[in-house]
Amino acid sequence: MRVKTHNSPMQFLALLIFLVHSFWAAVSAQETGEPIGYGDVIRKVSAVDSSSKSLFADLQLIKSTSVFGQDIQHLRLTTCFETSDRLRVHITDADHPRWEIPQDILPRPPLPSPKNYLHKPLSNIPTLQSHQLSNPNSDLIFTLLNTTPFSFTITRRSTGDTLFNTQPDAKNPKSKCKY
């Protein structure tokens, strides 16, 4: 079965202009020495349910750049176990709604909302270096690292293998902002 798509030439042209502009902005930033981004720091970490299947973090931009337009000042990181084999990490604007792929196109469980639960602050952030989210029925471990900029890792409990790591490479200063 063939699926027909109805893309107009104007949509294609708009996409092409966006891609060329993005590429040009990134190249220009590298030539002038302006970093693409400085990342974010953790301001608050909270658990939202008693089953420890969710973790929220409020993030704040370290410093704005103009490479890709206006930076988002406050982000919300939501991490949750959707199943024992699926961990969802969602980073979005904390102050304003953003467009996301509609549920009917990509069906998935709704994210837990901090408004639906009583916040239980996990810690005073400056004193803790990391927070872990793990489910006894899962082989996945999410570790939120209180570094500058913040980072996180996802590892496999059974083998210790790192599946995902956003920590900057100390040898490469351009690796600071990976999300």
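All residue numbers refer to positions counted from 1 along the written sequence of the respective chain. Confidence filtering applies because this is a predicted model: local features only for residues at pLDDT of at least 70, side-chain atom pairs given and counted only at 80 or more, and all residues used for totals across whole chains, interfaces and linings. Water and hydrogen atoms were dropped before computing side-chain values, which therefore reflect all heavy atoms in the structure.

Some details on the packing of aromatic side chains
Turning to step 1, where the next piece is worked out: Stacked, edge-to-face and tilted are the three classes for Phe, Tyr and Trp ring pairs, Trp counted by its six-membered ring, which pair at centre distances within 6.5 Å; planes under 30 degrees apart are stacked, over 60 edge-to-face, the rest tilted. A full pass over the atoms with the stated rule returns three aromatic pairs.
Turning to step 2, where the next piece is worked out: For the pair Phe142 and Phe152, a centre-to-centre distance of 5.3 Å together with 35° between the ring planes defines the contact as tilted. Of the two residues, Phe142 is situated in strand β7 (residues 140-145) and Phe152 in strand β8 (residues 151-156); the sequence distance between them amounts to ten residues. The pair formed by Phe142 and Phe152 is uniform in burial state, with each residue classed as buried.
Turning to step 3, where the next piece is worked out: When the centroid spacing of 6.4 Å and the interplanar angle of 25° are considered together, the rings of Phe150 and Phe152 count as stacked.
Turning to step 4, where the next piece is worked out: Looking at Phe150, the relative accessible area reads 3%, which means it is buried.
Turning to step 5, where the next piece is worked out: Phe152 sits in the buried class, given a relative accessible area of 4%.
Turning to step 6, where the next piece is worked out: One aromatic cluster in this structure is built from Phe142, Phe150, Phe152 and Phe164. Each helix is a run of DSSP H or I of at least 4 residues and each strand a run of E of at least 2, with the numbering of both proceeding from the N terminus. For the exposure calls, accessible area comes from a 1.4 Å probe over protein chains only, and a residue counts as buried if that area is under 20% of its type's maximum, exposed if over 50%, partly exposed in between.

A few points about the nonpolar core
Turning to step 1, where the next piece is worked out: Ranked by internal contacts, the top residues of the largest apolar core, which has 16 residues, are Leu59, Leu77, Leu87, Phe142, Leu144 and Phe150.
Turning to step 2, where the next piece is worked out: Mapped onto this core, the elements with two or more residues apiece are β1 (40-47), β2 (54-61), β3 (74-83), β7 and β8.
Turning to step 3, where the next piece is worked out: Dropping the residues within four chain positions of it, Leu77 is found in contact with Leu55, Phe56, Ala57, Leu59, Val89, His90, Ile91, Phe142, Phe150 and Phe152. Throughout this description, the term nonpolar core refers to a set of buried Ala, Val, Leu, Ile, Met, Phe, Trp, Tyr and Cys residues connected via side-chain atoms within 4.5 Å. Only heavy atoms enter the contact rule, under which two residues are in contact if any of them lie within 4.5 Å.

Describing a nonpolar patch on the surface
Turning to step 1, where the next piece is worked out: For patch building, the residue pool is restricted to those with more than 30% relative accessible area and no salt bridge; the joining distance is 9 Å between like charges and 5 Å between nonpolar side chains (Val, Leu, Ile, Met, Phe, Trp, Tyr). Note on areas: Shrake-Rupley with a 1.4 Å probe; residue coverage comes only from the protein chains shown. Any carboxyl oxygen of Asp or Glu that lies within 4 Å of a side-chain nitrogen of Lys or Arg is treated as forming a salt bridge with it. Taken together, the side chains of Trp99, Ile101, Ile105 and Leu106 make up a nonpolar region of the molecular surface, amounting to roughly 490 Å² of accessible area.
Turning to step 2, where the next piece is worked out: Of note, Trp99 is situated in the loop between β4 (86-93) and β5 (120-121).

With respect to the confidence of the model for the protein chain
Turning to step 1, where the next piece is worked out: Of all residues in the protein chain, 66% attain a pLDDT of 70 or more, and the chain-wide mean is 78.
Turning to step 2, where the next piece is worked out: Element-level pLDDT for the protein chain is lowest in β5, with a mean of 50, against a maximum mean of 95 in β8.
Turning to step 3, where the next piece is worked out: Taken together, the stretch residues 122-126 has pLDDT below 50 and engages in 15 contacts with residues farther than four places along the chain or on a different chain. pLDDT expresses how confident the predictor is about each individual residue, on a scale running from 0 to 100.

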